[in-house]
Amino acid sequence: MMTPVLMHQGVGLDVFNHMPMRRAVHAVYECCYSVPLAAELARGRPYADHDSLFRQADRSLFGLAEESIDSILQAYPDVGRRPGSEKSAAEQCAICDERPEVMDELAAASKRYLDHFGFGFVMFVNGYSAKDVLTAIADRMHNDVETERKVVRNELARINRTRLERMLGPEGGYDNW
């Protein structure tokens with residue numbers, strides 16, 4: 001999964017706490033792809049520290065209905081395909097580090113996962129290789145739907161936290177000397 005380009009990077013907690021509502025919702029939406037979750041987090045301001053925002057983000061995510069989670073998952077690209085690309089996995093390899101056959105394996109595994117569970121595969125992939133992702137898909141295919149939905153929420157929470165951290169920047173803010 002590619003990292004999205006965030007318009008709001010390193011804004012700092014104080015700036016986030018004082019943003020107009022619409023801008024705050026937009027900043028959080030870039031991180032989580034959920035208007036209800038973004039609006040809830042924006043309404044919960046001000047946050048005393050990063051950790052309180054992260055805890056509220058987790059509570060909000062885990063409180064969403066399954067339909068909302070499905071909507072979030074639709075915003076993620078299929079494994080083995082770059083976002084917005086209509087190219088085949090082999091054609092995409094000119095712009096990726098993986099061999100065409102690995103990208104084809106990822107695309108096929110992703111399709112099997114979707115056919116099995118009825119929703120798309122998502123995983124916090126920072127630092128993982130394509131082979132690691134293939135192994136994770138194969139392992140998670142053994143889950144029942146209820147267990148897999150819990151795994152998906154945990155993965156989304158990890159992704160959200162990373163993106164929220166990027167949006168806010170360091171806890172103490174940047175030194176703007």
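Here's a quick rundown of the structure. (Residues numbered from 1 in each chain as written. Predicted model: local features only at pLDDT ≥ 70, side-chain atom pairs only at ≥ 80, totals over all residues. Heavy atoms only, no water.)

Counted by the stated rule, this structure contains six aromatic pairs. Ring centres of Tyr 113 and Phe 121 lie 5.2 Å apart, and the angle between their planes is 85°; this geometry places the pair in the edge-to-face category. By relative accessible area, Tyr 113 is classed as buried at 0%. The structure contains a cluster of three or more aromatic residues connected by ring pairs, namely Tyr 113, Phe 117, Phe 119 and Phe 121. A cation over an aromatic ring shows up here: Arg 45 above the ring of Phe 16, its NZ or CZ 5.6 Å from the ring centre. (Phe/Tyr/Trp six-rings, centres within 6.5 Å; stacked < 30°, edge-to-face > 60°. Buried < 20%, exposed > 50% of the residue type's maximum accessible area, 1.4 Å probe, protein only. Lys NZ or Arg CZ within 6 Å of the ring centre and 35° of its normal.)

With that settled, consider unusual backbone geometry. Cis rather than trans, the peptide bond between Arg 45 and Pro 46 has omega equal to 5°. Mapped onto the elements, Pro 46 comes out in the loop between helix H3 (35-43) and helix H4 (50-63). Of note, Tyr 33 is a non-glycine position whose phi angle comes to about 60°, a positive value. In this structure Tyr 33 comes out as buried when scored by relative accessible area, which is 19%. (Helix = DSSP H or I, 4+ residues; strand = E, 2+ residues; numbered from the N terminus.)

Moving on, we come to the layout of surface pockets. Approximately 170 Å³ is the volume attributed to the second largest pocket. Around the second largest pocket, the lining is made up of 13 residues, and of these Leu 73, Gln 74, Leu 114, Phe 119 and Gly 120 lie nearest the centre. Taken together, the residues that form the lining of the second largest pocket break down as seven nonpolar, four polar and two charged. (1 Å grid on protein atoms, 1.4 Å probe; cavity = no way out; pocket = protein on both sides within 12 Å on 5 of 7 lines; lining within 4 Å. Points joined across faces, edges and corners; volume = space filled by probe spheres on them. Nonpolar A, V, L, I, M, F, W, Y, C, P; charged D, E, K, R; others polar.)

Let us look at the packing of helix H5 (residues 66-74) against helix H9 (residues 145-168). Where H5 meets H9, the axes come as close as 12 Å, and the angle between the chain directions of the two elements is 55°. With respect to each other, H5 and H9 are oriented oblique. The chirality of how H5 crosses H9 is left-handed. Along the contact surface, H5 presents Glu 66, Ile 69, Asp 70, Ile 72 and Leu 73, while H9 presents Arg 149, Val 152, Arg 153 and Leu 156. (Axes fitted to C-alpha atoms, helices over the stretch in contact; angles between N-to-C directions. Parallel < 35°, antiparallel > 145°, perpendicular 65-115°, else oblique. Left-handed = near helix turned anticlockwise from the far one by under 90°. Contact = heavy atoms within 4.5 Å.)

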